[in-house]
Amino acid sequence: MSKKNGNIVAVITMIFLFGMISFVTNLAAPIGNIWKMQPGIEGSNTLGMMGNMMNFLAYAIMGIPAGRMLTKYGYKKTALIAIAVGFVGVFVQFLSGVIKIESTGVPPSFFIYLLGAFICGFAVCMLNTVVNPMLKILGGKKSNQYIQIGGTFNSLMGTVTPMLVGVLIGQLTKSSVISDVNPVLFIAMGVFALAFVILNFIDIQDPEGVKSDDGKAVSPWKFKHFIYGIIAIFIYVGVEVGIPGTLNFYLSDADGGAGLDPSIAVKIAGFVAGTYWFMMLIGRFTSSFISGKVSARTQLTCVSVVAIVLCLAAMFIPAANTTKMPVFTGSGFEMAVVPVSALLLVLCGLCTSVMWGTIFDLAVEGLGTATNQASGIFMAMVVGGGILPLLQNFIADKAGYMPSYWVIVAGLAFILFFAVVGSKIKKA
C-alpha cells in the first residue's frame, strides 16, 4: 500500500472513531432524564447530570496518561485499548439496569451507572487523544479541514443518540427505568466490538517520530497562547454540552416552564437536542469547505459573537413566546411547537460546531514536536464538559433553567477573548 493510500485509510479510520466518541458521550444527558425520576433522586437536575460529569471527569485523570500511551504504544494500539475499555463501560451501564438492590435513598444501581459512565470517559479520552493529533499531522495545511470533516461525523452521531433515547423512553414517568434504553446500549456495544475487529485489519502507520522521546522536546507550557487555548477548550466543551443538555432537561420538565405536553415532552426534548447536534453537523460540514479559505481565528471570532447574542436573546425572551420549529427525527423533519428560546439555543449549534477544531488548531500552532504532549493536556481539559454543565444545572435547580445560561455566556466571552487576543503566538 502506498503512503498516500495508507494516509487515506488512516484518515477515514480517525473520522469513524470521531463518531464513536460522540455516540457514547451523548448517552449521558438523555439517560440522566431517567435517573432524575428514580426514587431517592426526585427530579434533581444536578444528580441527573452526574453521569455526564463522571464521563468528563475521566478526562482530567486520563488525559495526560493517554498522551503518554500514544507516545509509547502508537496510534493503533492506543485506539484498540480505548475501544475495548469503551465496550466494558457501556456494559457496566447496562448492568445498572439489571442489578436491583432495595434502598431508601439514592439507588445503588445509580452508582453502578456512574461507574460505567466513568469507564466510558476513559475510552473516549483515549480516542480523542488519538484522533486529533493524527488528523493534525496527516492533514498538514488541511488539518483544520480534516478535523471539521471528522467533527461532521461526530455531530451525526450526536444527532442520532438523544433522538433514539427519547423515542425509547416515550413519556417520562416514575416507572421509567434504565432498561428502557437497552437497545441503544446494545448498539453501542456492537459498534465497539465491530470497530475493534475492523481496526485490527487496518494498517495504521504512526507518523515519523511519534514514538521518539529524547527529552529535548520543547514544553507546550512555555507558550502563552497554548495556555489560553487549554482554558478555552475547557470552557468550550462545557458550553457545547451544557447548551443542549440543559435544554433537554428544560423541555422535559413538566414544572420547568417550557409548557410542553407532558405526554410528548421527553420525545420532543430529545428531537430538539438532536437538532442542536444536527446544526453542529451542518456547521462542521460547511466549515470543512471554507476552512482552507477562512482562517481559524476569523471563524472563531465570528461564531463566538453570534453565539453570545443568541444565548442572551434566549434568556430574556419569555417562555410564553412560542414558535414552530422543524426538529430532525432521524428520518426527516417534523414541526414542533417550542419556546422561541429553544430555537435560539438550537441555532447555537451552528456556532459551537467549529469551535473545537479552530481552538485546537490555534492553540497548537507553532508547538512543533510538543504537539503530542499538548494533545494529552488538551484531553485533560475536556473535563470542562462535566464541570460546567454540573455548575449550570446546580444554578438551574436554584434559580431556574434560563438564568443558568449565564454560565454559557461567560464561557463564550472567554472564547471570544482567545480568538481575538489570546491565540496570538507568544512564549510565556
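Each helix and strand in the chain was counted, giving 16 helices and two strands. Per-residue burial over the chain gives 58% buried out of 428 residues. Excluding contacts between residues fewer than 6 apart, the proportion of contacts in the chain whose partners are at least 24 apart in sequence is 84%.

A complete count under the given rule lists 15 aromatic pairs for this structure. Measuring from centroid to centroid gives 5.4 Å for Phe94 and Phe186, while their planes differ by 50 degrees, and the two rings are tilted. Of the two residues, Phe94 sits in helix α5 (residues 75-96) while Phe186 sits in helix α8 (residues 182-200), which places them 92 residues apart along the sequence. Residue class for Phe186 comes out partly exposed when judged on its relative accessible area of 45%. Ring centres 6.4 Å apart and planes at 55 degrees place the aromatic pair Tyr236 and Trp356 in the tilted group. Of this pair, Tyr236 sits in helix α9 (residues 224-252) while Trp356 sits in helix α13 (residues 355-363), and the two are 120 residues apart along the sequence. For Tyr236, a relative accessible area of 1% puts it in the buried group. Ring pairs connect the aromatic residues Trp221, Phe226, Phe360 and Phe378, which therefore count as one cluster.

Before going further, it helps to spend a moment on the confidence of the model for the chain. When pLDDT is low, close inspection of the predicted coordinates is not appropriate. With 86% of its residues at a pLDDT of at least 70, the chain reaches an overall mean of 81. The element-level mean pLDDT for the chain is lowest in helix α1 (residues 3-25), coming to 72, with helix α16 (residues 406-422) highest at 95. Note that pLDDT drops below 50 for residues 209-215; the model gives that stretch 11 contacts with residues more than four away or on any other chain.

Let us now look at the state of the cysteines. Tallied over the entire structure, the rule returns zero disulfides. Of all cysteine sulfurs, the one in Cys311 lies closest to Cys348, which takes part in no disulfide; the gap is 3.7 Å. Cysteine Cys351 is unpaired, with the sulfur of Cys348 as its nearest cysteine sulfur at 5.8 Å.

Relative to the elements of secondary structure, Thr25 occurs in helix α1. The exposure class of Thr25 is buried, given its relative accessible area of 12%. Reaching out from Thr25, the side chain makes a polar contact with the backbone oxygen of Ile21 at a distance of 2.7 Å. Residues in contact with Thr25, not counting those within four places in the same chain, are Asn55, Phe56 and Val124.

Here the focus is the environment of Ile235. Residue placement: Ile235 occurs in helix α9. The exposure class assigned to Ile235 is buried, which follows from its relative accessible area of 12%. Counting along the chain gives 176 residues from Ile235 to Gly411, while the straight-line C-alpha distance between them is 5.6 Å. Those residues within four positions of Ile235 in sequence are excluded, and the remaining contacts are Leu388, Gly411, Phe414 and Ile415.

The next subject is the nonpolar core. The biggest cluster of nonpolar side chains holds 137 residues, and the ones touching the most others in it are Tyr236, Leu247, Leu251, Leu300, Ile359 and Phe378. Excluding anything up to four places from it in sequence, Ile359 contacts Gly229, Ala232, Ile233, Tyr236, Leu300, Phe378, Ile415 and Phe418.

Right, let's talk about the environment of Val24 for a bit. Note on placement: Val24 falls in helix α1. Val24 sits in the buried class, given a relative accessible area of 4%. Spatially, the C-alpha atoms of Val24 and Ala188 are 7.0 Å apart, while their sequence positions differ by 164 residues. Those residues in contact with Val24 that sit more than four places away from it in its chain are Asn55, Cys120, Val124 and Phe192.

For the rest of this paragraph, the subject is a nonpolar patch on the surface. Side chains of Phe87, Val88 and Phe91 sit close together on the surface and give an oily, nonpolar patch of about 240 Å² of accessible area. Locating Phe87 in the fold gives a position in helix α5.

Look at helix α4 (residues 50-73) against α5: their axes get within 7 Å of each other, and the N-to-C directions meet at 130 degrees. Our classification of the angle between α4 and α5 gives oblique. The residues of α5 that touch α4, namely those facing Met69, Leu70 and Tyr73, are Tyr75, Lys77, Thr78 and Ile81. Across the contact of α4 with α5, the residue classes tally to five nonpolar, one polar and one charged.

Mapped onto the fold, Asn128 is located in helix α6 (residues 108-139). A distance of 2.9 Å separates the side chain of Asn128 from the side chain of Tyr59, its partner in a polar contact. Not counting residues up to four positions away in its chain, the partners in contact with Asn128 are Phe18, Ile21, Tyr59, Pro133, Trp356 and Met379.

Calculation criteria
Residues numbered from 1 in each chain as written. Predicted model: local features only at pLDDT ≥ 70, side-chain atom pairs only at ≥ 80, totals over all residues. Heavy atoms only, no water. Helix = DSSP H or I, 4+ residues; strand = E, 2+ residues; numbered from the N terminus. Buried < 20%, exposed > 50% of the residue type's maximum accessible area, 1.4 Å probe, protein only. Contact = heavy atoms within 4.5 Å. Phe/Tyr/Trp six-rings, centres within 6.5 Å; stacked < 30°, edge-to-face > 60°. pLDDT = per-residue confidence, 0-100. Disulfide = S-S within 2.5 Å. Polar contact = N/O pair within 3.5 Å; in protein donor to acceptor, adjacent residues only side chain to side chain. Core = buried A, V, L, I, M, F, W, Y, C linked by side-chain atoms within 4.5 Å. Patch = residues over 30% accessible without salt bridge, like charges linked within 9 Å, V, L, I, M, F, W, Y side chains within 5 Å. Areas by Shrake-Rupley, 256 points an atom, 1.4 Å probe, with all protein chains shown as cover. Salt bridge = Lys/Arg side-chain N within 4 Å of Asp/Glu carboxyl O. Axes fitted to C-alpha atoms, helices over the stretch in contact; angles between N-to-C directions. Parallel < 35°, antiparallel > 145°, perpendicular 65-115°, else oblique. Nonpolar A, V, L, I, M, F, W, Y, C, P; charged D, E, K, R; others polar.

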